Amino acid sequence: MFDTMGTTVSLRFAGATAPVSVLDGVEGAFRAFDERFSLYRPDSEISRVARGELPLTRTGAELREAYAEALDWSRSTDGAFTPHRPDGVIDLSGTVKAKAMEAAARVLDSSGEADWMLVTGGDILTRGTLEGLPWRAGVVDPDDRGALLCAVELVGRRIALATSGTAERGEHIWRTGDPRALQRYRQVTVLAGDIVTADVLATALVAGGPERCPDLLNRFDIEAITVDYAGHLTATPGLHSAQGLTPA
């Protein structure tokens, strides 16, 4: 377990712990993203861009490529997801944490590790099984951070889970719907085949709210659990069957 990018990373193996060199590689993958992309670090490349010290055109290829990818997500979600803060500052935190998880997964995969669960700030990426059984993840109750709404299996095409909402960090997501509507989402959990898709669309669904939800669910191969401010919980059909949604 270690802290990075303003959050905590933990890694669980189904069998024996991986060699120290593999664990160091995982931490190094996150460190590389943190040093370049974290707005928590005043010396990071993106912090220098935010302060106007470094033009975007003079940044490294990695930052420009990450920004281009985030813009693609913005276009594909019709602006429900955005890499810009309301003041125009570029903020790639909506994608780079997930991209760091992908980089860490490549370290684990290349080392031959087959059964593991990587957890970063509540977002989860898995491989294989836990002693032959699917990995299971709890979805936290936004009204009680010590309780769970349900537990879901990460299996088959659904190996990544991300949750976005207001329970831990307050209203930090830039919404496109009516801010007074009780039907707007307080929390959204998305299961997908990769962690970037899960993370981006969890944010996009919170931002876009119920008005945008049907369109996003139709356009992307995901499952989702939503909780609105009136306390209503909804889950896509796949979570009732293939994903084994059960009471916590």
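The structure we're discussing is the one just above.
Overview of the structure. (Residues numbered from 1 in each chain as written. Predicted model: local features only at pLDDT ≥ 70, side-chain atom pairs only at ≥ 80, totals over all residues. Heavy atoms only, no water.)

### Some remarks on the overall build of the protein
What the protein contains, in helices and strands, is six helices and 11 strands. In the protein, which comprises 248 residues, the share counted as buried stands at 47%. Contacts spanning at least 24 positions in sequence make up 60% of the contacts within the protein whose residues lie at least 6 apart. (Helix = DSSP H or I, 4+ residues; strand = E, 2+ residues; numbered from the N terminus. Buried < 20%, exposed > 50% of the residue type's maximum accessible area, 1.4 Å probe, protein only. Contact = heavy atoms within 4.5 Å.)

### Here's the deal with helix 5 (residues 195–219)
Taking 1.5 Å per residue as the helical rise, helix 5 with its 25 residues ought to reach 36 Å, whereas the 17 Å between its terminal C-alpha atoms falls clearly short. A large share of helix 5 lies buried, amounting to 18 of its 25 residues. One side-chain oxygen at the N-terminal end of helix 5 lies 3.2 Å from the backbone nitrogen of V196; it belongs to D194. (Expected span 1.5 Å × (residues − 1). Polar contact = N/O pair within 3.5 Å; in protein donor to acceptor, adjacent residues only side chain to side chain.)

### A short note on the packing of aromatic side chains
With the rule as written, the count across this model stands at three aromatic pairs. Over the ring of Y229 we find R184; its NZ or CZ atom is 4.5 Å from the centre of that ring. (Phe/Tyr/Trp six-rings, centres within 6.5 Å; stacked < 30°, edge-to-face > 60°. Lys NZ or Arg CZ within 6 Å of the ring centre and 35° of its normal.)

### A closer look at the nonpolar core
Core analysis: the biggest nonpolar cluster contains 54 residues, and F30, L92, V190, I195 and L205 have the highest contact counts within it. No other element matches the 11 residues that helix 5 contributes to this core. Residues in contact with L205, not counting those within four places in the same chain, are Y185, V188, V190, C213, L216, I222 and A224. With 14 residues, the next largest nonpolar core counts L161, I225, A235 and L239 among its residues. (Core = buried A, V, L, I, M, F, W, Y, C linked by side-chain atoms within 4.5 Å.)

### Some remarks on the packing of helix 4 (residues 93–110) against helix 5
The relative placement of two packed helices comes down to the angle between their axes together with the axis-to-axis distance. Axis separation between helix 4 and helix 5 bottoms out at 8 Å; the angle between their running directions is 160°. By the criterion of interaxial angle, the relationship of helix 4 to helix 5 is roughly antiparallel. Here helix 4 and helix 5 pass one another in a crossing that is right-handed. Mapping the contact onto sequence places G94, T95, K97, A98, K99, M101 and E102 in helix 4 and I195, V196, D199 and V200 in helix 5. (Axes fitted to C-alpha atoms, helices over the stretch in contact; angles between N-to-C directions. Parallel < 35°, antiparallel > 145°, perpendicular 65-115°, else oblique. Left-handed = near helix turned anticlockwise from the far one by under 90°.)

### Looking at the side chain of T120
By the element assignment, T120 lies in strand 3 (residues 116–120). Assessed through its relative accessible area of 0%, T120 is described here as buried. Other than its neighbours up to four places away in sequence, T120 contacts T7, T8, V9, F30, K97 and M101.

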